[in-house]
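Here is how the chains run, residue by residue.
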Amino acid sequence: MDAQRIAIDIGYGDTKVMANGKLFKFPSAVSQVGESMLQLDFKSDNPIFEGIEYRVGSKALMEAVATRGYLFLKRYSPLLIHNALLEAKFDLEAPIEIATGLSIVNNLEAQNFLEIISNFTINQIQIKPRVFLFAQGQGLYYQSGLVTEDRACVIDIGYNTLDFLVFENGKPRVDLCFANKKGANLAITNLQKFLIKEFRVDFNEQEAKEVFVKKEIEIAGKKIDFSDVINSIMQRYVRTITDEVFSKAEDILSKTKNIVIGGGGAYFLKKEYLEDLHKANYLFLDNPEYSNVLGYYKSAFKTK
């Protein structure tokens with residue numbers, strides 16, 4: 001039997017997926033089901049992992065655990081992968097191949113991460129996929145079509161990390177790459193603090209992200225426009241990350257023909273605003289939020 005193939009970008013905000021020629025995403029939200037709920041919900045279809053029942057995705061938004069940091073990936077990636085496989089309607093007991101990525105911020109954890117997602121058991125079904133592991137942002141490079149260029153730079157703006165990669169003649173220059181934890185969550189948490197102060201109501205990060213995306217909030221049944229506040233937060237964030245990248249890599253960027261921009265945070269950026277801050281030839285990928293999974297899939301499974 002041919003293996004079922006899937007590319008998964010496990011983000012700290014959303015998990016993006018490419019499978020069966022389709023793209024989809026769901027919130028990277030996980031919450032435990034309490035004992036009282038276990039007793040009441042006899043027909044639960046929630047996953048049971050290591051003896052604990054969880055909600056995953058949209059069902060977990062209200063009580064989601066914090067999603068920042070490698071410990072989240074280490075603990076909950078099997079649940080997010082399992083959810084992606086179910087939504088893709090995969091046969092969990094048939095061969096599966098997964099292409100995914102990990103930020104170079106967590107480079108020392110790569111082998112540990114690979115072991116965790118290569119063999120896990122959920123709902124008493126052991127899942128042992130063949131895994132192709134890329135550096136976060138490498139998918140953007142493969143999706144850009146610049147693999148024949150002498151040099152290309154990639155700026156991948158994720159939810160938790162900002163990854164900068166340099167490729168020369170198709171291969172990464174590890175000595176020139178860097179990553180940090182200045183992802184889009186900086187803007188989200190600023191909004192979260194504002195919401196809590198403004199309305200004196202607790203908002204978790206996933207709820208703040210929903211407000212950020214929709215640019216409005218509903219309080220007591222009344223919708224309130226938040227576009228001005230959010231646009232101001234976005235502008236401050238864009239200046240922060242561009243200053244960060246150019247302060248560390250101005251020489252290499254000035255000598256590079258194309259700078260590829262992608263990741264979910266790329267939606268925050270406008271080419272004109274970037275060019276006003278720092279002159280360069282920016283290449284914005286179509287569908288930037290899914291550019292990593294598209295590139296992972298293309299490279300791992302040798303598709304066009």
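(A) Broad picture of the nonpolar core. With 72 residues, the main nonpolar core has Ile6, Phe164, Phe212, Leu253 and Phe268 as its most contacted residues. Sorting elements by how many residues they give to this core places helix α7 (residues 227-254) first, with eleven residues. Ignoring sequence-local partners within four residues, the contact set of Phe212 consists of Ala187, Ile188, Leu191, Ile230, Ile233, Met234 and Phe268. Counting residues in each nonpolar core, the second largest holds twelve residues, with Met18, Ala99, Val293 and Leu294 among its members.

(B) Representation of the side chain of Asn83 within the structure. With respect to the helices and strands, Asn83 occurs in helix α2 (residues 70-87). With a relative accessible area of 15%, Asn83 lands in the buried category. Among residues more than four places away in sequence, those in contact with Asn83 are Phe26 and Val56.

(C) Local environment of the packing of aromatic side chains. Evaluation of the coordinates by the stated rule reveals twelve aromatic pairs. An angle of 45° between the planes, with centres 6.4 Å apart, marks the rings of Tyr12 and Phe72 as tilted. Taken as a pair, Tyr12 in the loop between β1 (4-10) and β2 (14-19) and Phe72 in helix α2 lie far apart in primary sequence, 60 residues in all. Neither residue differs from the other here; Tyr12 and Phe72 are each classed as buried. Considering the side-chain rings of Phe134 and Tyr296, the 5.3 Å spacing of their centres and the 10° angle between planes classify their relative orientation as stacked. Taken together, the residues span a long stretch of sequence, with Phe134 in strand β10 (residues 130-135) and Tyr296 in helix α9 (residues 291-300) at a distance of 162 residues. The same class applies to Phe134 and to Tyr296, which are both buried. What links up through ring pairs into an aromatic cluster is the set Phe134, Tyr141, Tyr142, Phe167 and Tyr296.

(D) Examining the sheet that holds β2 more closely. The strand order across the open sheet built from five strands is β3-β2-β1-β7-β10, with neighbouring strands paired in mixed fashion. Pairing within the sheet leaves two strands with one partner each, and these edge strands are β3 (22-27) and β10. If you compare each strand with its neighbour and ignore which way they point, the axes differ by 20° on average. In this structure, β1 lies alongside β2, joined through five bridges in antiparallel fashion. Residue pairing for β2: Ala7 is matched across the bridge by Met18. On the sheet, α2 packs against β1, β2, β3 and β7 (96-102) and is oriented at approximately 140° with respect to β1.

(E) Spatial organisation of helix α6 (residues 205-214). Of the positions making up α6, those classed as buried are Glu205, Gln206, Ala208, Lys209, Val211 and Phe212. At the N-terminal boundary of α6, the capping side chain belongs to Asn204, with an oxygen 2.8 Å from the backbone nitrogen of Glu207.

(F) Spatial organisation of the packing of α2 against helix α3 (residues 110-118). Remark: α2 packs on α3, axes separated minimally by 9 Å, with the N-to-C direction vectors making an angle of 25°. By the angle between their directions, the pair α2 and α3 is classed as roughly parallel. Along this stretch, α2 crosses α3, giving a crossing that reads as right-handed. Mapping the contact onto sequence places Tyr70, Leu73, Lys74, Ser77, Pro78 and Ile81 in α2 and Asn112, Phe113, Ile116 and Ile117 in α3. Per-class residue counts for the contact of α2 with α3 are seven nonpolar, two polar and one charged.

(G) Structural context of the pattern of salt bridges. If you walk through the whole model with that rule in mind, you get 14 salt bridges. Between Lys16 and Asp9 there is a salt bridge whose closest N-O contact spans 4.0 Å. The class of Asp9 is buried, set by a relative accessible area of 4%. Between Arg130 and Glu97 there is a salt bridge whose closest N-O contact spans 3.5 Å. Taken together, the residues span a long stretch of sequence, with Arg130 in strand β10 and Glu97 in strand β7 at a distance of 33 residues. Its relative accessible area of 51% is what places Arg130 among the exposed residues. Within this structure, Arg151, Glu168, Arg173 and Asp175 form a network of salt bridges that share partners.

Conventions adopted
Every chain is numbered on its own, with residues counted from 1 as its sequence reads. At least 70 in pLDDT is required for a residue's local features to be given in this predicted model, at least 80 for side-chain atom pairs to be given and counted, and no such filter applies to totals for whole chains, interfaces and linings, which use all residues. The side-chain numbers reported here are obtained from all heavy atoms of the structure, hydrogens and water having been left aside. In these notes, a set of buried Ala, Val, Leu, Ile, Met, Phe, Trp, Tyr and Cys residues joined through side-chain atoms within 4.5 Å is what counts as a nonpolar core. The classification of residues rests on relative accessible area computed with a 1.4 Å probe and restricted to protein chains. Under 20% of the type maximum is buried, over 50% is exposed, and intermediate values are partly exposed. Starting at the N terminus, helices and strands are each numbered in turn, a helix being any DSSP run of H or I of at least four residues and a strand any DSSP run of E of at least two. It only takes one pair of heavy atoms within 4.5 Å for two residues to be counted as in contact. Only centres within 6.5 Å qualify two rings of Phe, Tyr or Trp (six-membered ring in Trp) as a pair; their planes then separate them into stacked at under 30 degrees, edge-to-face at over 60, and tilted for everything else. Strands are treated as partners if at least two bridges between them are detected by DSSP. Axes here refer to lines fitted to C-alpha atoms; in helices the fit is confined to the stretch in contact. Angles between the N-to-C directions go from 0 to 180 degrees. Residues adjacent in sequence count toward polar contacts only when both atoms are side-chain atoms; beyond that, a polar contact is any pair of N or O atoms within 3.5 Å, and within protein one must be able to donate a hydrogen and the other to accept it. If an angle is under 35 degrees, it is roughly parallel; if it is over 145, roughly antiparallel; if it lies from 65 to 115, roughly perpendicular; otherwise it is oblique. Should the near helix be turned counterclockwise from the far one by less than a right angle, the crossing is left-handed, whereas a clockwise turn marks it as right-handed. Think of it as three bins: nonpolar holds Ala, Val, Leu, Ile, Met, Phe, Trp, Tyr, Cys and Pro, charged holds Asp, Glu, Lys and Arg, and polar takes everything else, Gly as well. Any Lys or Arg side-chain nitrogen located within 4 Å of an Asp or Glu carboxyl oxygen qualifies as a salt bridge.

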